[in-house]
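Examination of the molecular architecture
For reference, the chains in residue letters:
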Amino acid sequence: MTAAMWAILLMWTVLLIYALAASVDFGAGFWAMVFQGRSNGAAVIANRYVSPLWEVTNVFLVLFAVGFVGFFPQAAYTYGNILLVPGSLILILLALRGSFLVFAYTTQKNVSLLRTVSGITGLLLPGLFVSVLPISEGGFVTLSGGHYQMLLGKLFTSPIEYAYLVFGVATELFLSSLLMSDYSQSAGNQQAYQLYQKLAKWLGPITLLSALLVQILMPAESNWMQI
């Protein structure tokens, strides 16, 4: 294998770890918002899981960004121009979520509002992250005057973009509910365990259907990815 192949393998490994960890992190924050104030303990389980995890997930995101710029500087420059709009939205939501989580754990004022904001941003972030995939697959970028430009109008009117959004959100909620059920069982909270288990059973088929929908709607430019 060449040095470039090793670099790509490393980048994909870091990205995979971040995708799994961030899905559970964002989903746990959303469940903490949904179940806050209820007596079944589901929110307590979710908050207990989010507390040590949300800082660690950002480390892998930083590693990916630094590695991408270091290994492939020209590609990073090109993607930086193309993904300026969705990338900026992702950074803003990440900053909001991180700030509100810090305040939620360090102050006793407006905790409900803080957790609500962190939960909503956690629900939106996976959809924005996954929306990068149809952009990278082709068909939404044009070369004009020696510079790559993203066709935002074509992107936001394409069904594949929204199929990826649904897939990203469904995957986040499914993985987080699955992990929360296991965590609840380990903590001895049967009420929370049964609740999260029920959610995982419902979200599993939805996630599978959304993945099939992505395959069906995948544009002709991406036929090399289809199985």
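This text gives an overview of the structure that appears in the document. Predicted model only: the values in this text are computed from it and were never measured. (Residues numbered from 1 in each chain as written. Predicted model: local features only at pLDDT ≥ 70, side-chain atom pairs only at ≥ 80, totals over all residues. Heavy atoms only, no water.)

A closer look at the packing of helix α8 (residues 159–187) against helix α9 (residues 190–217)
α9 packs onto α8 with a crossing angle of 155° between their chain directions and a minimal axis gap of 7 Å. On the basis of their axis angle, the class for α8 and α9 is roughly antiparallel. The chirality of how α8 crosses α9 is left-handed. Split into classes, the residues belonging to the contact of α8 with α9 amount to 22 nonpolar, nine polar and no charged. (Axes fitted to C-alpha atoms, helices over the stretch in contact; angles between N-to-C directions. Helix = DSSP H or I, 4+ residues; strand = E, 2+ residues; numbered from the N terminus. Parallel < 35°, antiparallel > 145°, perpendicular 65-115°, else oblique. Left-handed = near helix turned anticlockwise from the far one by under 90°. Nonpolar A, V, L, I, M, F, W, Y, C, P; charged D, E, K, R; others polar.)

Some words on the packing of aromatic side chains
In total, this model carries eight aromatic pairs according to the counting rule given. Aromatic rings pair up to connect F30, W31, F35 and Y196 into one cluster. (Phe/Tyr/Trp six-rings, centres within 6.5 Å; stacked < 30°, edge-to-face > 60°.)

Considering a nonpolar patch on the surface
Together, M1, M5, W6, I8, L9, W12 and L15 make up an exposed nonpolar region whose accessible area comes to about 760 Å². As for its position among the elements, I8 is in helix α1 (residues 3–34). (Patch = residues over 30% accessible without salt bridge, like charges linked within 9 Å, V, L, I, M, F, W, Y side chains within 5 Å. Areas by Shrake-Rupley, 256 points an atom, 1.4 Å probe, with all protein chains shown as cover. Salt bridge = Lys/Arg side-chain N within 4 Å of Asp/Glu carboxyl O.)

A look at α9
Over its 28 residues, α9 extends 40 Å from the first C-alpha to the last, a length consistent with the 40 Å expected when each residue adds 1.5 Å. Largest kink in α9: about 25°, centred on L203, with the proline P205 one to four residues after it. All of the buried residues in α9 are A192, Y193, Y196, A200, L203, G204, T207, S210 and V214. Where α9 begins, the capping side chain belongs to N189, and its oxygen is found 3.3 Å from the backbone nitrogen of Q191. (Expected span 1.5 Å × (residues − 1). Bend = angle between axes of the 7 residues up to and from the residue. Buried < 20%, exposed > 50% of the residue type's maximum accessible area, 1.4 Å probe, protein only. Polar contact = N/O pair within 3.5 Å; in protein donor to acceptor, adjacent residues only side chain to side chain.)

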